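The lines below spell out each chain.
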Amino acid sequence: MSDLMIAFRDPQTAIDCVKAIRRPNGPVCPYCARAKAYTLSRKNMHRCAECRRNFSVTVGTIFEDTKLPLRIWFGAIWLITNHPKGIASTTLAKDLGITQKSAWFVLHRLRHAARTRSFNRPMTGNVEVDETYIGGKGDQPS
Ligand SMILES: [Zn+2]
């Protein structure tokens, strides 16, 4: 876990990792699927040449619209896959150094992703979140 946190200490490393997995051939518009996009001066943002909408690599993923750093998400996925019988949001919060409310949100989103099988491309060959029960007994937001 600490290796993971060190490896992704620089937020750009985590973003580059998601880019390499999702869009190895460059940005593709998540709205119209066109592969022609301009890179904007705002870091990690692109504008579609067709529909003109702006997007980042996390649009359309479980990481979209969250203020949590990607390394926290990666850490959560790692912890969840290492607790096959489930992990409570309180434990996740403690282990990741985030609030229980944030941990509950992360679990909720990861559960949704597992249920809808939106993990169509695992982060590594060993991650199988859809085979794991995410969450603990009586796990509720506070
Ligand atoms: Zn587009």
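Refer to the preceding data block for the structure.
Structure report, in brief.

## Here we look at the nonpolar core
1) Next: In this structure, Phe 63, Phe 74, Leu 92, Leu 96 and Leu 110 are the most contacted members of the largest nonpolar core, which totals 28 residues.
2) Next: Of all the secondary structure elements, the ones that give two or more residues to this core are α1 (2–7), α2 (11–22), α3 (70–81), α4 (89–96) and α5 (100–115).
3) Next: Per-element tally for this core: the top contributor is α3, with 8 residues.
4) Next: Residues lining this core come from more than one domain, with at least three contributed by each of domain 1 (2–56) and domain 2 (70–131).

## Focus on the layout of surface pockets
Over the atoms, a rolling probe the size of a water molecule traces out where space has been left empty.
1) Next: In this structure, the largest pocket encloses a volume near 420 Å³.
2) Next: Looking at the largest pocket, it is lined by 19 residues, and the ones nearest its centre are Ile 15, Asn 44, Thr 58, Thr 66 and Leu 70.
3) Next: Taken together, the elements giving at least two residues each to the lining of the largest pocket come down to α2 and α3.
4) Next: Counting residues per element, the lining of the largest pocket draws most heavily on α2, at 3 residues.

## As for the packing of aromatic side chains
1) Next: Scanning the model with the defined rule gives 4 aromatic pairs in all.
2) Next: With a centroid separation of 4.9 Å and 75° between ring planes, the pair formed by Phe 8 and Phe 74 is classed as edge-to-face. Of this pair, Phe 8 sits in the loop between α1 and α2 while Phe 74 sits in helix α3, and the two are 66 residues apart along the sequence.
3) Next: Using a relative accessible area of 16% as the deciding quantity, one classes Phe 8 as buried.
4) Next: Through successive ring pairs, a cluster of aromatic residues spans Phe 8, Phe 63, Trp 73, Phe 74 and Phe 105.
5) Next: Over the ring of Tyr 31 we find Arg 53, and its NZ or CZ is 3.6 Å from the ring centre.

## With respect to the sheet that holds strand β3 (residues 54–56)
1) Next: The 3 strands lie next to each other as β1-β2-β3, forming an open sheet whose pairing is antiparallel. Every other strand in the sheet has two partners, leaving β1 (37–39) and β3 as the edge strands with one partner each. When strand polarity is set aside, the average angle formed by the axes of neighbouring strands in this sheet is 35°.
2) Next: As paired strands, β1 and strand β2 (residues 45–48) are joined by 3 bridges and run antiparallel to one another. Each bridged residue has a counterpart across the sheet, and for Tyr 38 the counterpart in β2 is Arg 47.

Calculation notes
Residues numbered from 1 in each chain as written. Predicted model: local features only at pLDDT ≥ 70, side-chain atom pairs only at ≥ 80, totals over all residues. Heavy atoms only, no water. Core = buried A, V, L, I, M, F, W, Y, C linked by side-chain atoms within 4.5 Å. Buried < 20%, exposed > 50% of the residue type's maximum accessible area, 1.4 Å probe, protein only. Helix = DSSP H or I, 4+ residues; strand = E, 2+ residues; numbered from the N terminus. Domains from an automatic or database assignment. 1 Å grid on protein atoms, 1.4 Å probe; cavity = no way out; pocket = protein on both sides within 12 Å on 5 of 7 lines; lining within 4 Å. Points joined across faces, edges and corners; volume = space filled by probe spheres on them. Phe/Tyr/Trp six-rings, centres within 6.5 Å; stacked < 30°, edge-to-face > 60°. Lys NZ or Arg CZ within 6 Å of the ring centre and 35° of its normal. Pairing = 2+ DSSP bridges. Axes fitted to C-alpha atoms, helices over the stretch in contact; angles between N-to-C directions.

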